[in-house]
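# Fold and contact review
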Amino acid sequence: MIYNLGKKLLSALTVTLITSSFAHASPEDNSLVIAWGSTGPIEHVDNYVNTNRTGIWFSRMVWDQLIYREPKTFEYKPLLAKSWKALSDTVWQFELRQGVKFHNGEAFDADDVVYTLNWISNPKNGVKVQRNVNWIKEARKVGPYTVDVEMKRPFPQAFEFLSGPITIYPNEYYAKVGPDGMHKAPVGTGPMKVVSIKTAEEYVFEKNKGYTWGSPKGEAQVDKMVVREIADVQTQIAELLAGGIDITADISADHVTQIGGVSGFTALQAGTMRTGYIGFDAAGRGNHEPVTKLKVRQAMAHAIDRKSLVKNLIRGDAGVIHTPCFPTQFGCDVNAAVKYEFDQGKAKKLLAEAGYPNGFDIDFYTFRPADWAEAVMGDLAKVGIKAKLTKMPYFALRDKQRKEGTTPMFLMDWGSYSMNDMSAITSHFFKKGPDDFALDDDVANWLEAGDTNSDASVRKANYAKAIKKITGQVYWLPMFNHVRNYGYRKELKFIPYQDEIPRFWQYGWK
Amino acid sequence: MTTIPSLIRSQQTAEEILEPTPMMKLRRRVFKNHSFLIGALTLIFIITIAVLAPFIAPHDPYDQDLSRRLINPFWHDKKTADLYVFGTDKVGRDYLSRVIYGAQISLLIGFLTVLISGVIGTALGVIAGYFGGRVDMVVNFIINTRLAMPVFLVAMAAVVAFGASIHVVIMVLGLFLWDRFAVVMRSITMQARDLDYVSAARAIGCSTPYIIIREIFPNVLSSLTVVATVEMANAILLEAALSFLGFGVQAPTPSWGLMLNEGREYMFFSPWLLALPGTGLFLLVLAINLFGDGLRDVTLERER
Amino acid sequence: MIVYTIKRIFVAFLILLVVSGLTFSLSHLSADPALTIAGEQASDEDIEAVRKLYGFDKPVVEQYFNWLSSALQGDLGKSYHYKAPVVEMISGRIGTTMTLGFLAILFALVVSIPLGTIAAMRPNSIIDRFALLLAVFGQALPTFWFALMMIILFGVWLRWLPISGNTSWAHFVMPTIALGYYATPALMRLTRAGMIEVLSSDYIRTAKAKGLLPVSVLFKHALRNAIIPVVALAAVWFGFMLGGSIVIETIFNLKGIGWLSYDALLRSDLPVVQAIVLIFASFYVILTLFADLLNAYLDPRISVR
């Protein structure tokens, strides 16, 4: 082992030293260099082995889904499936598109769909995010381009998954190489082909010239693309200003003003459906007495100036959110929510009524930029509540919550896996799972009813009840939707989307 | 990270540690014999600022107001000069006041870290030196084990494990930076053990703790102070680096390292947010180093 | 001597054992690895399954001995996050860190030996004083701060040097200086002291008297003798540089093991953290072992003690 390590070490050393030239892309050769880092390195590019969040931009470039979700209107449109119809409560039939080819030349047909769906739905194959696939019972080939998909139960959110995390793999290739082979040399039908992958460093793509069958995703706009993993935002900005990269998506709202002011660069902000909230340990999991009292939570809701926070720190087209979900999501009825206006006088009164006229001390947790939390703490201090901030890495914080539950108050957020359905956020947090700090039976039951009924109006009615109770009890104080900030070279043609999914292949030069 | 390489340290004896290092001889040549004076004056100046912070600072360092965030300092914006000399930070706190209070935090971390590490190191060193033999061997092993641990990495891991806060940072650094104390105390105790008055004390039946506290300690106090300055500079730089990576002191504490971390966001467009706490850190560490060098001179001369 | 060697090797192993045990217990306090492995969208059942599969339900002591026995066989486990064997991940990245550490020490030598030599020949000259001033001030300069200043100046304003990555020589220039400058004062001082001593020695004076050119005396005799301790000290600094690489690699986006340890800590990827601590510790232990053995060889009294 030592010998091997030494040999590898030596070769690594020489390779690093010999490889040279740092020519960066320029519009002339129609190539593009993108810096990416906010979600961290993709641990494994196989879409079913990673957590989806890290691999999402990659998977959209290389693979296609059966269904396309229009990013602006959230309508479902044909992608690899030409059309579909419901055969029963639990069976959908898909007509597939013909003439589509995978990057390795393999033709796309019903076998690929059947193979992929059956492979991922088999728990033995260990798809990482089981909730994405565990609703599939079976896929059956009906004709060369016709597939029936049977669900285990009526599953209203099925299309969100079929248009999102479920991408179609080439059956022959995947059967041969498996997940690790897919990681080394990914093959899909998508608009870009993989040239090379260096985990956690860079991914090189070229245009899929055969992507001309009228996909609603559109053809790639550049011939060559390099996506570099740069974790540090300041390093990204330095590279952007120095011409090493063409676009970054990880900057702050202040950077937008600053970079936008530099000639040759443009910066913009675009709202996303990622919803920020302050969670309270209303159920008393961590034994912090004040937050278990409704009046205290209401007082805090009144004490925090969310408008000022949004206007000064988040900016862009972000807005204050009053629902424990994002308003475009199915079921997320804004009118059902109890709203709390900024009123510190009222907050003080409520605190006094709750028995804390002089406020109290509380631990406050976040994994996001400290200035957001600091703004909240400043407001709370003015009504006498002294919050002590602990900023932790995401996983460490989530672990603390699940294992110990000792987080009386936390500023966090949720991206709903980019799914436009309330079940992806509210049901995750309020169905008495490990992340639930309300532990409210009513809410859990309503959400369960909303999640499993196939009648849209029944779903909506149940979800509305849940929203009303969650906001009325201030289990969460919904804060604002997050904004994604982009800085890029002026000549770049760039389109942002609300669902937080970057679609790099659509970026091109003017 | 910004420590004297542990490898060198492990090989060192107390004489070598107390002997001026190449770095110190060098500093001395630069500042001639003024090093002690310059260092002491700067240090007194910074300590005064830290102690008098509530009276000097024009604003409450925690008082924030989003509507007045990121005001430029006086050399960019004459209008606000009287109110916010160094401008404000990203949640609208007065930057000058934060820089002033930052001295408190750095000094506090430096002092408390040295206090903890000093107690641990001294205890181990004295025990090893006084008893010798197997005890000495065990202590030596502990020292070597400590030296083998990569301080910065393990400190980061500890912060992840126990949560980041000023207490955790002080505890972790205190538990790490004691090796030099131990080495020095061990060797000095060994020498002192055989001195006449210690033998005399033992002969008249004084207890071991009594001998250590009453007879040995007064003799080594100056050496301890010298080691303390070195470790203090070390601790301050380590805290800054930890906070800079987000593994240190928590917001809104006005730690210089944390301010560097926050100001970094503006490094290309408002570089003073980086430059001001950076300068504070630089001056403090320089002052402590110079003071330590000077003190060592005085100490060595007196002992000779 | 042989007994002494065996004893020292035994102690070295014991140190590594204690270090790894401490790190293991420390890192297992920090997070529930099962959650990290299962990912952020995992259900409770998924997490429980992972816990069983990896043996996290067993006592920490038992887990440690399992880890230790496979570590002794060269298997440092699998990364929770990347799913790849830790040995593979580290061997793929250690090259960058070693290159950086090597270049940094080279930089320190290249700067400090000439400066030290000049200083020895012309003490108190302007060059001498300027270099010393720079060094004294540099010693109080936080490394990360210095690195950022270089990025602003040479990367963004002047655009002379690439800022991030490791694809060419040029990419290593700024990280090398940032990491290496801290070692220069000590090395410079040692060179200067050594040179002064050697220059005043008899054989140099003899050489001069024999009419040899000053330059050839300087290079052939004086420098060669003065440089040995400098190189020895530099080797020691090398081990220390590995630790300093955490901040530098993070800032310059060099994906070596310094960066890897930072990334792993953020993700609670314990096997990786564990392995890197062990590697850094091993470097220290091996280097001190050699130093001690060398000392013992040169001075036999030590091994008798």
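Residues numbered from 1 in each chain as written. Chains lettered and ligands numbered in written order. Predicted model: local features only at pLDDT ≥ 70, side-chain atom pairs only at ≥ 80, totals over all residues.

So, about the overall build of chain B. Across its full length, chain B carries 14 helices and zero strands. Mapped in sequence order, the helices and strands of chain B form the string α-α-α-α-α-α-α-α-α-α-α-α-α-α. A separation of at least 24 residues holds for 73% of the contacts in chain B among residues at least 6 apart in sequence. (Helix = DSSP H or I, 4+ residues; strand = E, 2+ residues; numbered from the N terminus. Contact = placed C-beta atoms within 7 Å.)

Right, let's talk about the overall build of chain C for a bit. Scanning chain C from N- to C-terminus turns up 14 helices and zero strands. Reading the secondary structure of chain C in the N-to-C direction produces α-α-α-α-α-α-α-α-α-α-α-α-α-α. Considering only intrachain contacts with a sequence separation of at least 6, the fraction spanning at least 24 residues in chain C is 71%.

This next bit is on the packing of helix 5 (residues 86-121) of chain C against helix 9 (residues 184-199) of chain C. Residue and element names in this part refer to chain C. One can describe the packing of helix 5 onto helix 9 by two numbers: an axis separation of 7 Å at closest approach and a directional angle of 40°. With respect to helix 9, the axis of helix 5 lies oblique. The crossing of helix 5 and helix 9 is right-handed. Note on element contacts: helix 9 touches helix 5 through T184, L187, M188, T191, R192, M195, I196 and L199, opposite A108, L109, V111, S112, I113, L115, G116, T117, A119 and A120. Classifying every residue of the contact of helix 5 with helix 9 by side-chain character gives 12 nonpolar, five polar and one charged. (Axes fitted to C-alpha atoms, helices over the stretch in contact; angles between N-to-C directions. Parallel < 35°, antiparallel > 145°, perpendicular 65-115°, else oblique. Left-handed = near helix turned anticlockwise from the far one by under 90°. Nonpolar A, V, L, I, M, F, W, Y, C, P; charged D, E, K, R; others polar.)

Turning next to the interface of chain A and chain B. If you look at the interface, chain A gives 21 residues, while chain B gives 19 residues. Looking at the side of chain A that touches chain B, the elements with two or more residues in it are helix 7 (233-242), helix 8 (253-260), helix 10 (306-314), helix 12 (370-382) and strand 14 (386-391) of chain A. Counting residues per element, the side of chain A that touches chain B draws most heavily on helix 12 of chain A, at six residues. Broken down by class, the residue content of the side of chain A that touches chain B amounts to 10 nonpolar, seven polar and four charged.

Residues and elements named next belong to chain A. Ordered by their spatial adjacency, 10 strands build an open sheet running 8-9-10-1-11-16-12-15-13-14, and the pairing between neighbours is mixed. Every other strand in the sheet has two partners, leaving strand 8 (192-198) and strand 14 as the edge strands with one partner each. Here helix 8 sits on the sheet in contact with strand 12 (265-280) and strand 16 (476-489), set at roughly 175° to strand 12. (Pairing = 2+ DSSP bridges.)

Now for the domain arrangement of chain C. All names here are of chain C. Splitting chain C by domain gives domain 1 (2-72) and domain 2 (89-298). Tallying the contact residues gives 17 residues for domain 1 and 15 residues for domain 2. Elements represented by at least two residues in the side of domain 1 that touches domain 2 include exactly helix 1 (2-30) and helix 2 (33-38). Counting residues per element, the side of domain 1 that touches domain 2 draws most heavily on helix 1, which supplies 14 residues. Here the side of domain 1 that touches domain 2 is built from residues that sort into nine nonpolar, seven polar and one charged. (Domains from an automatic or database assignment.)

Right, let's talk about unusual backbone geometry for a bit. Most peptide bonds take the trans form, and the phi angle of most residues other than glycine is negative. Cis geometry is found at the peptide bond from B:A251 to B:P252, where omega equals 0°. Looking at the element boundaries, B:P252 is found in the loop between helix 12 (208-244) and helix 13 (256-263). Phi at A:F74 is positive, roughly 65°, even though this residue is not glycine. By the element assignment, A:F74 lies in the loop between strand 2 (67-69) and strand 3 (76-78). The class of A:F74 is partly exposed, set by 18 C-beta atoms lying within 10 Å. At A:N287, a residue that is not glycine, the phi angle is positive and equals roughly 60°. Among the secondary structure elements, A:N287 is positioned in the loop between strand 12 and helix 9 (294-303). Taking the number of C-beta atoms within 10 Å as the measure of exposure, A:N287 has 10 and is therefore exposed. (Buried ≥ 20, exposed ≤ 12 C-beta atoms within 10 Å, placed from the backbone.)

Residue and element names in this part refer to chain A. As summarised here, the arrangement of the four strands in space is 4-5-7-6, forming an open sheet in which the pairing is antiparallel. At either margin of the open sheet sits one strand with a lone partner, and together these are strand 4 (81-86) and strand 6 (136-143). Sheet twist, expressed as the average angle between the axes of neighbouring strands with direction ignored, equals 20°. Note: strand 5 (residues 91-96) against strand 7 (residues 146-151), five bridges, orientation antiparallel. Looking at strand 7, one finds that V91 is bridged to E150.

All right, on to the pairing of strand 12 of chain A then. Residue and element names in this part refer to chain A. Relative to strand 16, strand 12 runs antiparallel, the two sharing 11 bridges. Bridging across to strand 16, Q269 finds its partner in N485. Note that strand 12 and strand 15 (residues 409-414) share six bridges and pair antiparallel. Along strand 15, the bridge assignment pairs T275 with W414.

Bringing the environment of C:S91 into the picture now. Here C:S91 is to be found in helix 5. Along the primary structure C:S91 and C:I246 are separated by 155 residues, whereas in three dimensions their C-alpha atoms are 17 Å apart.

Residue and element names in this part refer to chain B. When the terminal C-alpha atoms of helix 8 (residues 151-162) are compared, their 16 Å separation across 12 residues agrees well with the 16 Å that a helix rising 1.5 Å per residue should span. Summarising burial for helix 8: 10 of the 12 residues are buried, a large majority. When we look at burial in helix 8, the residues that qualify are V151, F152, L153, V154, A155, M156, A157, A158, V159 and V160. Trailing helix 8 by a residue or two, G163 shows a phi angle of about 85°, which is positive. (Expected span 1.5 Å × (residues − 1).)

For the rest of this paragraph, the subject is the pairing of strand 15 of chain A. On a regular strand, one side chain projects to one face of the sheet and the next to the other, so that they alternate. All names here are of chain A. Across the six residues that make up strand 15, a large majority, five, are buried. For strand 13 (residues 361-366) and strand 15, the ladder comprises three bridges, and the chain directions are parallel. Counted as the bridge partner of Y365 is F410 from strand 15.

Per-residue confidence for chain C gives a mean pLDDT of 80, with 87% of residues at or over 70. Both scores are given for the predicted complex: the pTM is 0.82, the ipTM 0.80. (pLDDT = per-residue confidence, 0-100.)

All names here are of chain C. Burial within helix 12 (residues 257-266) is extensive, with 10 of its 10 residues counted as buried. Those residues of helix 12 not exposed but buried are I257, G258, W259, L260, S261, Y262, D263, A264, L265 and L266. Trailing helix 12 by a residue or two, S268 shows a phi angle of about 50°, which is positive.

Let's shift gears to the confidence of the model for chain B. Counting all residues, the mean pLDDT for chain B is 81, and 84% of those residues have values of 70 or more. Confidence, read as mean pLDDT per element, is least for helix 1 (residues 6-11) of chain B in chain B (40) and greatest for helix 6 (residues 95-131) of chain B (92).

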